[in-house]
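Overview (structure and organization)
Each chain, letter by letter, is given below.
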Amino acid sequence: YNPFDILKFIKNKFVFKNYWWESGNPFSLIELLKKGDYYFLKKDYISSGSIYYSVFNSREKKDFIWEEAVFKLAESLFLNKNYISATRYYEILATTMPNSRYKIQTLKRLISASYYLGEYSLAKKYYSEFVQIGYDISKDSELIYFLGKSLFFDSQYSDAYNIFVTIKKERRLK
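So, here is what we can say about the structure in this document. (Residues numbered from 1 in each chain as written. Predicted model: local features only at pLDDT ≥ 70, side-chain atom pairs only at ≥ 80, totals over all residues. Heavy atoms only, no water.)

**Topic: helix H5 (residues 64-79)**
- The terminal C-alpha atoms of H5, which comprises 16 residues, lie 22 Å apart, in line with the 22 Å expected from a rise of 1.5 Å per residue.
- The buried count for H5 comes to 14 of 16 residues, which makes it a mostly enclosed element.
- Lys 81 sits one or two residues past H5 and shows a positive phi near 65°. (Helix = DSSP H or I, 4+ residues; strand = E, 2+ residues; numbered from the N terminus. Expected span 1.5 Å × (residues − 1). Buried < 20%, exposed > 50% of the residue type's maximum accessible area, 1.4 Å probe, protein only.)

**Some words on a nonpolar patch on the surface**
- Together, Tyr 145, Phe 152, Phe 153, Tyr 157 and Phe 164 line one region of the surface with nonpolar side chains, adding up to about 500 Å² of accessible area.
- Every element with two or more residues in the nonpolar patch is listed here: helix H9 (141-153) and helix H10 (157-173).
- Among the elements that make up the nonpolar patch, the one with the highest residue count is H9 (3 residues).
- Mapped onto the secondary structure, Phe 152 falls in helix H9. (Patch = residues over 30% accessible without salt bridge, like charges linked within 9 Å, V, L, I, M, F, W, Y side chains within 5 Å. Areas by Shrake-Rupley, 256 points an atom, 1.4 Å probe, with all protein chains shown as cover. Salt bridge = Lys/Arg side-chain N within 4 Å of Asp/Glu carboxyl O.)

Pasting the structure below:
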């Protein structure tokens, strides 16, 4: 046993947790993330997700290891079409680390998941976050597509029409 594990165990009123992850070398966590990446690349999102979850769940410190684990966990869930759980982890990342290196990808996935879940007003909320950070969505056809469809299904037909007209004009210019 690592003596720091025992001290953390006592400090936390004898609550059993994976204290080793916090006091151990981050190299082992990085190796575990690489193992998750192997399964992810093989499109085994259940295995990769469980590995990423173990890192996420055992890591109290919100550092680059935690950030990568929670993003990749959300990605595994999203690609496995578990949009409800994916949204939860994307939102955890977005609120815990508002300046995450995965911010753009996280907001894109939140818009897509909102559309798939029929939560069209949430898609608009995430779109407004893009506007706040100054992201130019005009060059991101996938994002525009999900935004337009979300507006349409939220009965905001004129706004959706304007979005789709923009896409049509851009395709003519190409």
